[in-house]
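Now for the letters of each chain:
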Amino acid sequence: MKKKLISVLLAGCMTAALLAGCGGAAPAAEAAAPAAEEATEEAAPAAEEAAPAEEAAAEEAPAAADEGGLIKVGFAQVGHESDWRTASTKSCQDVFSEANGYDLSFVDCDNDEAAQKEAVRSFIEQGVDYIIIDPIIATGWDTVLTECDDAGIPVIVIDRTIDDSDKYVSWVGSDFLTEGKAAAEWLKAYADAQGIKEINALIIQGTIGSSAQIGRTDGFNEIAKREGWTVLDQQTGDFTEAGGQEVMESFCKSYEGKFNVVVCENDNEAFGAMTAMDNAGVSYGPGNDVILISYDACTAGLEDVKAGKITADFECNPLAAPTVEGVLQTLQSGGTPEKEILVPDNWYALADQIVDFSVDGNPQSMIEVTDEVIEAQY
Ligand code: GYE
């Protein structure tokens, strides 16, 4: 609706690299491309034939067709910190089910970066056919992705981005920077419409170093700076309700009477922040002391918009698994998936809070929250 799906095509030689096992094996793959192309239906056997000099590990990678028809997939999930995460996990488990032809190894990494790397290494040891990673933080990935590469296992990144390595096939997720800018551009238009002259904001950030946090914080702050708003403080609530409550309790003490905007980088933090504001006697939502902005737009978040508590909610769509499956199936059939696939999001508010605004010159539209909209949400 407001965002175009952006696709960046891989360079043509990537096809050969993928067929030979993984992107990093480019020289061997290029040399082997004709052989690989002759056997495009079964990527792994083609890789074995085409790249005899590949590391032994690559040869150990089982061909999907040899495993009773089931494709082995390892998914290193972030954790279980939010409603968004629960929806993402369910979506992946539904898509990569046995009934659909998959043998899924699912690891909940409990927001522990080291555990997530270990989960990926355990998938390599198991000899899975594909690895899906939702990276807790955006950096520190090159070593383990090189190990996947050496083992000839294609990696697909879902949701959050990896920013310091390109040794993965595709990333499927949302544009977090645009989400952050959208929240701030909406705030500017809404404040103008309400005659609010001064913005004194507090930001409860997500997990520091995650691309979702970085994009939302940077996007909001870029517009805040342009508009000359005051961002009084920003601290992490780690994308959890408990974290949001704890940070907001401390904000309520430190900035009593000084703030009129609270930005929570996900709905669960907003739930905690509302508890803290209730306890501190701070009113929020349309017509009250504080404009409360949130991200995710999960069902419970939209219910709070409808109840006049969250003033506007900026969606991040967690249902990316079907698109990830499309990438995997493209690889299975010897095709070349796109390197980046954006999942579109929507912005939500009640009718009176819907205002016209643009992001980077692109006009945005908002969806009015009704019972039907809540019913249809994840
Ligand atoms: O906003 C939050 C979750 O990575 C986009 O992580 C995701 C974020 C989401 O915990 O609720």
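The paragraphs below set out a description of the structure included in this document. Computed from a prediction, not measured in an experiment: that's the story for all the values here. (Residues numbered from 1 in each chain as written. Predicted model: local features only at pLDDT ≥ 70, side-chain atom pairs only at ≥ 80, totals over all residues. Heavy atoms only, no water.)

As a further point, take the overall build of the chain. Regarding its fold elements, the chain presents 14 helices and 16 strands. Summarising the internal contacts of the chain: among those between residues at least 6 apart in sequence, 72% fall at separations of at least 24. Accessible surface, the chain: about 15,100 Å² in total, of which carbon and sulfur atoms supply 48%. (Helix = DSSP H or I, 4+ residues; strand = E, 2+ residues; numbered from the N terminus. Contact = heavy atoms within 4.5 Å. Areas by Shrake-Rupley, 256 points an atom, 1.4 Å probe, with all protein chains shown as cover.)

Turning next to a negative patch on the surface. Side chains of D108, D110, D112 and E113 sit close together on the surface and give a patch of like negative charge. Inspection of the secondary structure puts E113 in helix α6 (residues 113-126). (Patch = residues over 30% accessible without salt bridge, like charges linked within 9 Å, V, L, I, M, F, W, Y side chains within 5 Å. Salt bridge = Lys/Arg side-chain N within 4 Å of Asp/Glu carboxyl O. Lys, Arg positive; Asp, Glu negative; His and termini not counted. Charge placed at Lys NZ, Arg CZ, Asp CG, Glu CD.)

All right, on to the pattern of salt bridges then. Going through the model one piece at a time under the given rule, you end up with 17 salt bridges. Measuring nitrogen to oxygen at the nearest pair gives 3.0 Å for the salt bridge that ties K181 to D360. Here K181 is found in helix α8 (residues 176-194), whereas its partner D360 is found in the loop between β14 (357-359) and β15 (362-364), with 179 residues between them in sequence. A residue is classified by how much of its surface remains accessible, and K181, at 8% relative accessible area, is buried. Salt bridges sharing common partners tie together E81, R85, D134, D159 and R160. (Buried < 20%, exposed > 50% of the residue type's maximum accessible area, 1.4 Å probe, protein only.)

In this section: unusual backbone geometry. Positioned with a positive phi, D296 is a non-glycine residue whose angle comes to about 110 degrees. Relative to the helices and strands, D296 resides in strand β10 (residues 291-296). Even without glycine at this site, D360 takes up a positive phi of about 50 degrees.

Taken together, 13 residues lie near the ligand, and E81, D159, R160, N266 and D296 sit nearest. Contact distances for the ligand include 2.7 Å between an oxygen atom and a side-chain N or O atom of D159. One of the side-chain N or O atoms of D296 is found 2.5 Å from an oxygen atom in the ligand. When isolated, the ligand has an accessible area of 300 Å², and the protein chains bury 100% of it. Of all the secondary-structure elements, those providing two or more residues to the shell around the ligand are α5 (83-95) and α9 (211-227). (Near = heavy atom within 4 Å. Polar contact = N/O pair within 3.5 Å; in protein donor to acceptor, adjacent residues only side chain to side chain.)

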